[in-house]
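Structural overview for review
Chain residues, written in single-letter form:
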Amino acid sequence: MLVILSGVAGAGKDTIKKELIKRMENVESLPSYTSRPMREGDVEGGTYNFVSREEFEKMIENGEFYEYDVHHNHYYGTSRKLLNEKMESGKIIVKDIDVNGTEHLQDLLKADTKVVTIFLRVPKEELERRLQQRVDKPSPAEIRLRLSRFEYEESRINLYDYVLKNDNLEKTVQIVMAILKNEMNG
């Protein structure tokens, strides 16, 4: 089963994913490939698979991605090979991805893969506060860029099986764990 977590930058996707992996033995992450530079706290192959812009473009030419997109001037993409290998393991694969990538993956995989989609919502004021307090300290221009996607991402929530307000980490993790258990048995 593939579980897609979406929401604007700062909605808590990565934090929720880490908690699910810690608390559920059958859950594993699927890191995207990206051309963005590593930030403090990033782990190669953990948070992302980091490649240069040139390498990413060569991977696009070779058809190595199920989907890819450009965000904040950097490429992000889902590797066909990595996803297929992880799906064969029988684990619950958790992937955080934007709304465009969600739509592409649903279309490509729905015929033979169970895909569960969850959108994490955060009020815009809370989102701005979280972005300003991040370890990687985005610039004011980058914060504006990320907030500018807020309306677009929110306008696409009808794509999702579940929409959760992420204003309490523990409550949100408990709800997502219940969703995963229910979907596994459903």
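Above: the structure in question.
Described in the following lines is the structure provided in the data block. Note that the structure is a prediction, hence the values are computed from the model and not measured.

With that settled, consider the overall build of the protein chain. Per the secondary structure count, the protein chain includes 8 helices and 9 strands. Taken along its principal axes, the extent of the C-alpha atoms in the protein chain is 45 × 40 × 30 Å. Once local pairs closer than 6 in sequence are excluded, the contacts in the protein chain between residues at least 24 apart make up 67%. For the protein chain, the exposed area adds up to about 9600 Å²; of that, 48% sits on carbon and sulfur atoms. Positive and negative side-chain charges in the protein chain, numbering 29 and 33 respectively, have mean positions lying 4 Å apart.

A word on the pairing of strand S6 (residues 74-79). Here S6 lies mainly inside the structure; 5 of its 6 residues are buried. Pairing of strand S3 (residues 32-34) with S6 involves 2 bridges; the strand directions are antiparallel. By the bridge assignment for S6, Tyr-33 is matched with Gly-77. In this antiparallel pair of consecutive strands, strand S5 (residues 65-71) and S6, the connection spans 2 residues, and His-72 shows a positive phi of 50°.

A few words now on the side chain of Thr-117. Mapped onto the elements, Thr-117 comes out in strand S8 (residues 115-121). A polar contact is formed between the side chain of Thr-117 and the backbone nitrogen of Asp-161, at a distance of 2.8 Å. When near neighbours in sequence (up to four residues on either side) are disregarded, Thr-117 contacts Ile-4, Thr-102, Gln-106, Leu-159, Tyr-160, Asp-161 and Tyr-162.

It is characteristic of soluble globular proteins that their nonpolar side chains tend to be buried jointly. Among the nonpolar cores identified, the biggest contains 27 residues, and Val-3, Leu-20, Ile-118 and Leu-180 are the most heavily contacted of them. Take this core: its biggest share by element is 5 residues, from helix H8 (residues 169-185). Beyond its immediate chain neighbours, meaning those up to four positions away, Val-3 contacts Ile-92, Ile-93, Val-94, Lys-95, Val-116, Ile-118 and Leu-180. With 10 residues, the next largest nonpolar core counts Leu-2, Ile-93, Leu-105 and Leu-109 among its residues.

A few words now on the sheet that holds S3. The strand order across the open sheet built from 4 strands is S4-S3-S6-S5, with neighbouring strands paired in mixed fashion. Because the sheet does not close on itself, it has two edges, and the strands there are strand S4 (48-50) and S5. In this sheet, adjacent strand axes meet at a mean angle of 25° when their direction is disregarded. Strand direction decides the pairing type here: S3 and S4, joined by 3 bridges, are parallel. Within S4, the residue paired with Tyr-33 across the bridge is Asn-49. Helix H2 (residues 53-61) rests against S3, S5 and S6 of the sheet, and its axis sits at about 45° to S6.

The next thing to look at is the environment of Val-51. Looking at where Val-51 falls in the secondary structure, it is placed in the loop between S4 and H2. Accessibility expressed as a relative area gives 15% for Val-51, which makes it buried. Sequence separation between Val-51 and Pro-37 is 14 residues, and the spatial gap between their C-alpha atoms is 8.5 Å. Those residues within four positions of Val-51 in sequence are excluded, and the remaining contacts are Tyr-33, Thr-34, Ser-35 and Phe-56.

Packing of helix H1 (residues 13-23) against H8 leaves a shortest axis separation of 10 Å and a crossing angle of 60°. Accordingly, the angle class assigned to the pair H1 and H8 is oblique. As H1 packs across H8, the resulting crossing turns out to be right-handed. Within the contact between the two elements, H1 uses Thr-15, Ile-16, Glu-19, Leu-20 and Arg-23 and H8 uses Leu-169, Glu-170, Thr-172, Val-173, Gln-174, Val-176, Met-177 and Leu-180. Looking at side-chain class alone, the contact of H1 with H8 contains 7 nonpolar, 3 polar and 3 charged residues.

Read from one edge of the open sheet, 5 strands run S2-S7-S1-S8-S9, paired in parallel fashion. Whereas interior strands pair on both sides, the edge strands pair on one side only; in this sheet they are strand S2 (27-29) and strand S9 (162-165). Each neighbouring strand pair of the sheet contributes to a mean axis angle of 25°, computed without reference to strand direction. Bridge count between strand S1 (residues 2-6) and strand S7 (residues 92-96): 4 bridges; the pairing is parallel. The residue bridging Val-3 from the neighbouring strand is Val-94, located in S7. Those strands touched by helix H4 (residues 99-109) are S1 and S8, and its axis lies near 160° from that of S1. Along the sheet face, H8 touches S1, S2, S7, S8 and S9 and points at about 165° away from the line of S9.

What counts as what
- One numbering rule holds for all chains: residues counted from 1, following each sequence as written.
- With pLDDT at 70 or above as the cut-off, local features in this predicted model cover only qualifying residues; side-chain atom pairs require 80 or more to be listed or tallied, and sums for whole chains, interfaces and linings still use all residues.
- The side-chain numbers reported here are obtained from all heavy atoms of the structure, hydrogens and water having been left aside.
- Note on conventions: DSSP H or I runs of at least 4 residues are helices, E runs of at least 2 residues are strands, and numbering of each starts at the N terminus.
- Two residues form a contact once any of their heavy atoms are found within 4.5 Å.
- Using the Shrake-Rupley algorithm and a 1.4 Å probe, accessible areas are obtained, with residue cover drawn only from the displayed protein chains.
- When charges are tallied, Lys and Arg are placed among the positive residues and Asp and Glu among the negative ones, while His and the ends of the chain are skipped.
- Charged groups are reduced to one reference atom each: NZ for lysine, CZ for arginine, CG for aspartic acid, CD for glutamic acid.
- The rule is simple: take the accessible area with a 1.4 Å probe, protein chains only, and divide by the maximum for that residue type; under 20% is buried, over 50% is exposed, in between is partly exposed.
- In this description, strands pair whenever DSSP reports at least two bridges between them.
- Whenever two N or O atoms come within 3.5 Å, that pair is a polar contact, provided that in protein one can donate a hydrogen and the other can accept it, and provided that, for residues adjacent in sequence, both atoms are side-chain atoms.
- Nine residue types can take part in a nonpolar core, namely buried Ala, Val, Leu, Ile, Met, Phe, Trp, Tyr and Cys, and a core is a set of them joined through side-chain atoms within 4.5 Å.
- Axes here mean lines fitted to C-alpha atoms, for a helix over just the part in contact, with angles spanning 0 to 180 degrees between N-to-C directions.
- We call two directions roughly parallel when the angle between them is under 35 degrees, roughly antiparallel when it is over 145, roughly perpendicular when it lies between 65 and 115, and oblique otherwise.
- The crossing is said to be left-handed when, going from far helix to near helix, the turn is anticlockwise and less than a right angle, and right-handed when the turn is clockwise.
- For this scheme, ten residues count as nonpolar: Ala, Val, Leu, Ile, Met, Phe, Trp, Tyr, Cys and Pro. Four count as charged, namely Asp, Glu, Lys and Arg, and the remainder, Gly too, count as polar.

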